[in-house]
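Here is how the chains run, residue by residue.
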Amino acid sequence: MAGLCFARGAFTGLAVKAGKHKGLSAALLLRVAAPAKILVKRYSQDSGNNGRGQFFCYHLPHRTLLKLQGPDTSPFLQGIITNDVKLLEEPGCAAMYSHMLNVQGRTLYDILLYSLKEAEGGHGVFLECDSAVENSILKHLKVYKIRRKVTISPCPELSVWAVLSQQSRPDQEASKPELSAPEKALVWEADPRTVQMGWRLVLESQVDPLEIIPSCQKGDTEDYHRHRYSIGLPEGVNDLPPGVALPLESNLVYMQGISFSKGCYIGQELTARTHHTGVIRKRLMPVRFSSPVQQLGDGAVLQTQSGKPAGKHRWGVGELGLGLIRTAHAKEVLTMKSSDAATVTLEASVPDWWPKDVKMN
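Residues numbered from 1 in each chain as written. Predicted model: local features only at pLDDT ≥ 70, side-chain atom pairs only at ≥ 80, totals over all residues. Heavy atoms only, no water.

1. Section: the state of the cysteines
- Enumeration according to the criterion identifies one disulfide in this entry.
- Two residues, Cys-57 and Cys-216, share a disulfide whose sulfurs are 2.1 Å apart. The sign of the S-S torsion, about 140°, decides the handedness of the disulfide formed by Cys-57 and Cys-216: right-handed. Pair noted here: Cys-57 is in strand β3 (residues 55-59) and Cys-216 is in strand β12 (residues 216-218), with a separation of 159 residues, a long-range link. (Disulfide = S-S within 2.5 Å. Helix = DSSP H or I, 4+ residues; strand = E, 2+ residues; numbered from the N terminus.)

2. Digging into the sheet that holds strand β13 (residues 282-289)
- Strand order in the closed barrel formed by six strands is β13-β16-β15-β14-β17-β18, with antiparallel pairing between adjacent strands. Taken pair by pair, the neighbouring strands of this sheet meet at an average axis angle of 40°, ignoring direction.
- Taken together, the three bridges between strand β14 (residues 301-304) and strand β17 (residues 334-337) define a ladder with antiparallel strand orientation. Paired with Leu-302 across the strands is Met-336, a residue of β17.
- Each of β13, β15 (309-317) and β16 (320-326) is contacted by helix α3 (residues 221-231), which is oriented at about 155° to β15, the strand it contacts most. (Pairing = 2+ DSSP bridges. Axes fitted to C-alpha atoms, helices over the stretch in contact; angles between N-to-C directions. Contact = heavy atoms within 4.5 Å.)

3. A few points about the sheet that holds strand β10 (residues 187-190)
- Ordered in space as β10-β11-β9-β3-β12, the five strands form an open sheet in which the pairing is mixed. Of all the strands in the sheet, just β10 and β12 have a single pairing partner and so form its edges. The sheet shows a mean angle of 25° between the axes of neighbouring strands, direction not considered.
- In the packing of α3 onto the sheet, the strands contacted are β3, β9 (158-165) and β11 (199-204), and the crossing angle to β3 comes to about 105°.

4. Focus on helix α2 (residues 134-145)
- For α2, with 12 residues, the first-to-last C-alpha span of 16 Å sits near the 16 Å given by 1.5 Å per residue.
- Considered for burial, the residues of α2 that qualify are Glu-134, Ile-137, Leu-138, His-140 and Leu-141. Looking straight down α2, one finds its buried side chains confined to an arc of 165°; they lie on one side. Turned more than 90 degrees off the buried face of α2, the exposed positions are Asn-135, Lys-139, Lys-142 and Val-143.
- Tucked inside the fold, the buried residues of α2 contact β4 (63-69), α1 (73-78), β5 (95-101), β6 (107-115), β7 (124-130) and β8 (151-154).
- Ile-146 sits one or two residues past α2 and shows a positive phi near 50°. (Expected span 1.5 Å × (residues − 1). Buried < 20%, exposed > 50% of the residue type's maximum accessible area, 1.4 Å probe, protein only. Arc of directions from axis to C-beta.)

5. Points about the pairing of β6
- Burial of β6 is extensive: eight of the nine residues sit out of reach of the surface.
- With seven bridges joining them, β5 and β6 adopt antiparallel strand pairing. Bridging across to β6, Met-100 finds its partner in Tyr-109.
- Between β5 and β6, which pair antiparallel one after the other, the connecting turn spans five residues, and Gly-105 there sits at a positive phi close to 85°.
- Summarising the sheet, β6 and β7 pair through four bridges and their orientation is antiparallel. By the bridge assignment for β7, Leu-113 is matched with Leu-127.

6. A short note on unusual backbone geometry
- Notably, Ile-146 is not glycine yet its phi reads approximately 50°, a positive angle.
- Examined against the element boundaries, Ile-146 turns out to sit in the loop between α2 and β8.
- Among the residues examined, Ile-146 registers a relative accessible area of 68% and is labelled exposed.
- One non-glycine residue, Gln-256, lies in the positive phi region at around 55°.
- By relative accessible area, Gln-256 is classed as buried at 6%.

7. Some points on a nonpolar patch on the surface
- A cluster of nonpolar side chains, namely Val-103, Val-143 and Tyr-144, defines an oily patch on the protein surface of about 290 Å² accessible area.
- Note that Val-143 resides in helix α2. (Patch = residues over 30% accessible without salt bridge, like charges linked within 9 Å, V, L, I, M, F, W, Y side chains within 5 Å. Areas by Shrake-Rupley, 256 points an atom, 1.4 Å probe, with all protein chains shown as cover. Salt bridge = Lys/Arg side-chain N within 4 Å of Asp/Glu carboxyl O.)

In structure tokens, the structure reads:
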């Protein structure tokens, strides 16, 4: 698939098989069995025609873009992100996922990089990030820019969209939608994290995606988040709190977001050491509550039914969410107290886009 790239060395000894696209709609909920007999909701809709409605376009106002341009763009980014930015210079690779870490090796920001179609001297990228930390990222970049020949500018005139297929059959992989006016798409690439996240589209804010994707209809942004949580994919500061989240516990390897052969970058030492020991006792996993939870804060403690610590809740929507789960308790029914002191139960599941040999004990 064009635009999907993998970091060199990230999957040594790891057989990764990407999952299939899962379609979405709030109209129909299809329950699919997950490992360890745990059921997870899928949001899908039968698509019996090839007309409008075969795909959903989701506006992502919580995501924003920065433009980095100049002859030093690649070496500048190479020293501050986890992935190998040089891969974007290779044919067929135009999108990349990565994290920026602090010196202690904890995640500061999760980002997506897209090659600029027309960049000065061929050097330039769009950087997609959580809009809540746009100013923080700008400051972070300028601290390390020093005298490098790179210009960094916000792009408030652009909008980010996610395009997801409605196909619900697990044995089908959706084809990339055709654009009726491809020149209007500044970015039109497969999401590099997993095929279940479809495609990323960047447009001028005044352009309606339905004008250039004839087979598409607009969806609610909350359904986009429900899809993410149902498959266990973190995005933004709520799921990956800056200075708290660890990249390998956050499944950065599974999302093609790190290279273990690129050389030094900020936060590399702890990350590389953890990878080579092969010991990761906690992982960010999709969880499903026994009932929708309204009053729930970040970091609520999860316990086994016998009272043992089992992890912490991160974020979610309704009955779906993400939890940092101790793998030794990942197959157990867990409990948690909401902010109104009510006890709720929840179950974690292993996403089908993870490698098949992941151990949960």
